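# Residue-level structure breakdown
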Amino acid sequence: MISKENVKQVASLSRIHLKDEEIEFLAKDLEKILDYIKKLEKLDISSVEPTSHALPTKDVFREDVVKPSLSQKDALKITQNKEKGSFKVPKIIE
Amino acid sequence: MKEFETVIGLEVHLQLSTKTKIFCGCKNDFGYDPNTLTCPVCLGLPGSLPVFNKKVLTYGIKAGLALNCTISSTIKFDRKNYYYPDLPKAYQISQFDMPIAKDGYIMITKEDGNDKKIRIHRAHLEEDAGKLTHDTESSSSLVDYNRTGTPLLEIVTEPDMSSPQEAYDYLQALKLNLQYLDVSDCDMEKGSLRCDANISIREKGETKLGTKAELKNMNSFKAIKTALEYEVKRQQEVVESGSAVIQETRLWDENKNVTISMRSKEEAHDYRYFPEPDLVPFTVSKDTIDDIKKTLPELPAQKLERLSKEYDLSDYNAKIIVSDKSLALFFEECAKLYKDTKKICNWINGSILSELNNRKETISNLNLSSKNLVDLIKKVDGGILSNLIAKDVLGIMLDTGKNATSVVEEKGLAQVSDDSELEKIVDELIKENENVANQIKEGKESAIGFLVGQAMKKTKGKANPKKIGEIIKRTLS
């Protein structure tokens, strides 16, 4: 059973804000998804390799060669919150 | 009173010194203006894709082999998900269940002289995060993403260390091995080597591990040792007062010399690891491993054994020489030019190391070639310089980069060995110290040393002490 508390915790881990009616709806929805997973769990997959990637490619490397980086100005174009060449964020205290 | 034992495991984050970052072509370097070494991959911009730097794999395998690990034949990367402003993608590309290396060990020498094996649980590759600075005045933090994507090797030990001293010795041994490999500069001040420690205590004889605390924020090996010592005491006091140690992260405060609990998180971390879909798996063939094995340099333990045998060094001397790769190289260069390796060791372990300490330099940055040192030693052998003056000459050589011959000539430091000059000095001394002279005449040989000392004083160390002694004997017998 997925409780509202479960949904709230997952939402907070994912930094998602949910309205009450959404929490209720999602609890039911997640329940359905987990039911389906339970169905899958019954299958015998002992002889199947886990699929971490859909494509049959391997070993795609890059040589250790320097390429130009963005300028500080260009890097900071993606934010309005900047100071002293840095991205400015709400104060983080550990 | 209960008797306790300490259990310590260490996690070391090592920045690998490849030219570029782990997943993009940005320069992997330190000390640049903020946000001048980034690209769409570093900043986690939509549509950008990471591509694995082959050199990082090589360095990782090298380190794994040097730590006696088994290298995995297939490796993959996983996403470790968490939200923090130093992590632009909100996940760190790391390795979860298929690390590049596992089940290794390194040997340390304990204080009692016995060797102890510290097992390496695993070593995995991952990307470093950005750097946050917190201004005390303002209500914001600043982020510099230059460090994002710096290749890291995280080396995790088993809980095999049973004292802060052993943890310190492990770190020294680890650092030395890694420096020999040339895969990282291992500079804690620059953050290229960082270490967290897990520590717990238990009653002697207990086999179950106690509840551990994770210590962070130590900026030197010495700080790690001091923090661990503090923590041993703290945990013992907690247990003895009848309470239980709680599992938590504690920060080392270097000014107050205490560990401070970080506010415990209300929710346990759930990193929701899953395979990184943007990077394909990588295979490491036996041939690749063998090829890399061939490039491994002579490691400290092997070098210690070889140098001890080849040059007949004492254990003490050999250990000091091997404790620094460039020092070992310097020693061997000298040994090729000069047979008496014991004398070379005495010079290196004495004057040269103290000069290095005073100047906060490494031997490779010091103004001294192996040939110049050997020439200086030969001047002492030949009686041109006394040991004492030779030390001064070394100092001047390091200041000026000149060789011993020019320093001796310019400063007029050559030892006085000329008989007539020395006889004059002895005559003066005998007049000034009649009592002592009489004692010598009466056969008190030990008093000769006093006069030799006076002679050295008079000539500011330039008199040849052996000859002075002979002349005193001759004159007074």
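Residues numbered from 1 in each chain as written. Chains lettered and ligands numbered in written order. Predicted model: local features only at pLDDT ≥ 70, side-chain atom pairs only at ≥ 80, totals over all residues. Heavy atoms only, no water.

### A few points about the overall build of chain B
- If you tally the helices and strands in chain B, you get 15 helices and 17 strands.
- When its C-alpha atoms are laid out on the principal axes, chain B stretches across 90 × 60 × 50 Å.
- Out of the 477 residues belonging to chain B, those deemed buried represent 49%.
- A separation threshold of at least 6 residues defines the contact pool for chain B, and within that pool the share at least 24 residues apart is 69%.
- Per element, the accessible surface of chain B, about 23600 Å² overall, is 48% carbon and sulfur. (Helix = DSSP H or I, 4+ residues; strand = E, 2+ residues; numbered from the N terminus. Buried < 20%, exposed > 50% of the residue type's maximum accessible area, 1.4 Å probe, protein only. Contact = heavy atoms within 4.5 Å. Areas by Shrake-Rupley, 256 points an atom, 1.4 Å probe, with all protein chains shown as cover.)

### Remarks on unusual backbone geometry
All names here are of chain B.
- Located in the positive-phi region is N35, a residue other than glycine, with phi close to 55°.
- One can find N35 in the loop between β1 (4–15) and β2 (52–53).
- Despite not being glycine, D103 has its phi angle at roughly 55°, a positive value.
- Within the fold, D103 resides in strand β7 (residues 101–109).
- Under the relative-accessibility criterion, D103 is labelled exposed at 52%.

### Overview of the packing of aromatic side chains
- Going through the model one piece at a time under the given rule, you end up with 14 aromatic pairs over all chains.
- Summarising the aromatic geometry, the rings of B:F23 and B:F77 are spaced 5.4 Å apart at their centres and angled 85° between planes, so their arrangement reads as edge-to-face. Of this pair, B:F23 sits in the loop between β1 and β2 while B:F77 sits in the loop between β4 (74–75) and β5 (78–81), placing them 54 residues apart in sequence. Comparing B:F23 with B:F77, the two get one shared label, buried.
- Aromatic pair B:F77 and B:F282: ring centres 6.2 Å apart, planes at 80°, arrangement edge-to-face. Highlighted residues: B:F77 in the loop between β4 and β5 and B:F282 in strand β17 (residues 282–283), separated in sequence by 205 residues. Considered together, B:F77 and B:F282 belong to a single accessibility category, that of buried residues.
- Aromatic rings pair up to connect A:F61, B:F23, B:F52, B:F77 and B:F282 into one cluster.
- Positioned above the aromatic ring of B:Y271, the side-chain terminus of B:K80 is 4.3 Å from the ring centre.
- The ring of B:Y168 carries B:K225 above its face, with NZ or CZ at 5.8 Å from the centroid. (Phe/Tyr/Trp six-rings, centres within 6.5 Å; stacked < 30°, edge-to-face > 60°. Lys NZ or Arg CZ within 6 Å of the ring centre and 35° of its normal.)

### Side note on the domain arrangement of chain B
All names here are of chain B.
- Here the domain parsing of chain B yields domain 1 (4–288), domain 2 (298–411) and domain 3 (419–476).
- A separation of 37 Å is found between the C-alpha centroids of domain 1 and domain 2.
- Each partner contributes to the interface: domain 1 provides eight residues, whereas domain 2 provides 10 residues.
- Between domain 1 and domain 2, the buried area comes to about 680 Å², and carbon and sulfur atoms account for 65% of it.
- Of all residues in domain 1, the largest losses of buried area upon contact with domain 2 belong to L176, N177 and Y180, amounting jointly to 77% of the total for that side. (Domains from an automatic or database assignment. Buried area = accessible area lost by both parts, 1.4 Å probe.)

### Observations concerning the sheet that holds β7(B)
All names here are of chain B.
- Read across the open sheet, the nine strands follow the order β3-β7-β8-β11-β1-β12-β13-β14-β15; overall the sheet is mixed. The open sheet has two edge strands with one neighbour each: β3 (70–71) and β15 (258–261).
- As paired strands, β1 and strand β11 (residues 151–157) are joined by five bridges and run antiparallel to one another. Across the sheet, residue E11 finds its bridge partner in β11, namely V156. (Pairing = 2+ DSSP bridges.)

### Observations regarding the nonpolar core
- One finds B:F52, B:Y170, B:F331, B:I352 and B:V393 to be the most contacted residues of the largest nonpolar core, which totals 108 residues.
- The biggest single contributor to this core is helix α2 (residues 164–181) of chain B, with nine residues.
- For this core, the two domains that each supply at least three residues are domain 1 (4–288) and domain 2 (298–411) of chain B.
- Excluding residues that lie within four positions of it along the chain, B:F52 makes contacts with A:V60, A:F61, A:R62, B:I22, B:F23, B:L57, B:I75, B:F77, B:L125, B:L279 and B:F282.
- Formed by 20 residues, the second largest nonpolar core is a distinct cluster that contains B:L422, B:L429, B:A447 and B:M456. (Core = buried A, V, L, I, M, F, W, Y, C linked by side-chain atoms within 4.5 Å.)

### A few points about the side chain of B:R202
Residue and element names in this part refer to chain B.
- Counting through the fold element by element, R202 comes out in strand β12 (residues 193–203).
- Within the structure, the side chain of R202 is placed 3.0 Å from the backbone oxygen of T207, a separation counted as a polar contact.
- Contacts of R202, omitting those with residues within four sequence positions, involve E3, F4, E5, V7, T207, K208 and L209. (Polar contact = N/O pair within 3.5 Å; in protein donor to acceptor, adjacent residues only side chain to side chain.)

### Regarding the packing of helix α8 (residues 341–359) of chain B against helix α10 (residues 387–400) of chain B
Residue and element names in this part refer to chain B.
- It is at 11 Å that the axes of α8 and α10 come closest, and there the two elements cross at 40°. Between α8 and α10, the interaxial angle falls into the category oblique. As for the relative orientation of α8 and α10, their crossing is right-handed in sense. Two secondary-structure elements touch here, α8 through W347, S351, I352, E355 and R359 and α10 through N387, A390, K391, L394, G395, L398 and D399. (Axes fitted to C-alpha atoms, helices over the stretch in contact; angles between N-to-C directions. Parallel < 35°, antiparallel > 145°, perpendicular 65-115°, else oblique. Left-handed = near helix turned anticlockwise from the far one by under 90°.)

### Concerning the pattern of salt bridges
All names here are of chain B.
- Taken as a whole and assessed by the stated rule, the structure comprises 40 salt bridges over all chains.
- Here K216 ties to D196 by a salt bridge, and the two come within 3.3 Å at their closest N and O atoms. A residue pair is termed long-range when its members are at least 10 positions apart, and K216 in strand β13 (residues 213–216) and D196 in strand β12 qualify at 20 residues.
- Overall, the relative accessible area of 14% leaves D196 in the buried class.
- Two residues, E298 and K303, come together in a salt bridge whose shortest N-O distance is 3.2 Å.
- Overall, E298 belongs to the partly exposed group, its relative accessible area being 25%.
- The network of salt bridges with shared partners includes E298, K303, R306, E310 and E332. (Salt bridge = Lys/Arg side-chain N within 4 Å of Asp/Glu carboxyl O.)

### Focus: the interface of chain A and chain B
- With 37 residues of chain A at the interface, the matching set in chain B holds 54 residues.
- Taking both sides of the interface into account, the surface hidden between chain A and chain B amounts to around 4000 Å²; carbon and sulfur atoms contribute 58%.
- For the chain A face of the interface with chain B, the top three residues by lost area are A:F61, A:R62 and A:D64, together amounting to 19%.
- If you look at where chain A meets chain B, you find zero salt bridges.
- At the junction of chain A and chain B, the tally comes to 21 residue pairs in polar contact (both at pLDDT 80 or more).
- Listed by contribution, the elements that provide at least two residues to the side of chain A that touches chain B are α1 (4–13), β1 (61–62), α3 (72–75) and β3 (86–90) of chain A.
- Counting residues per element, the side of chain A that touches chain B draws most heavily on β3(A), which supplies five residues.

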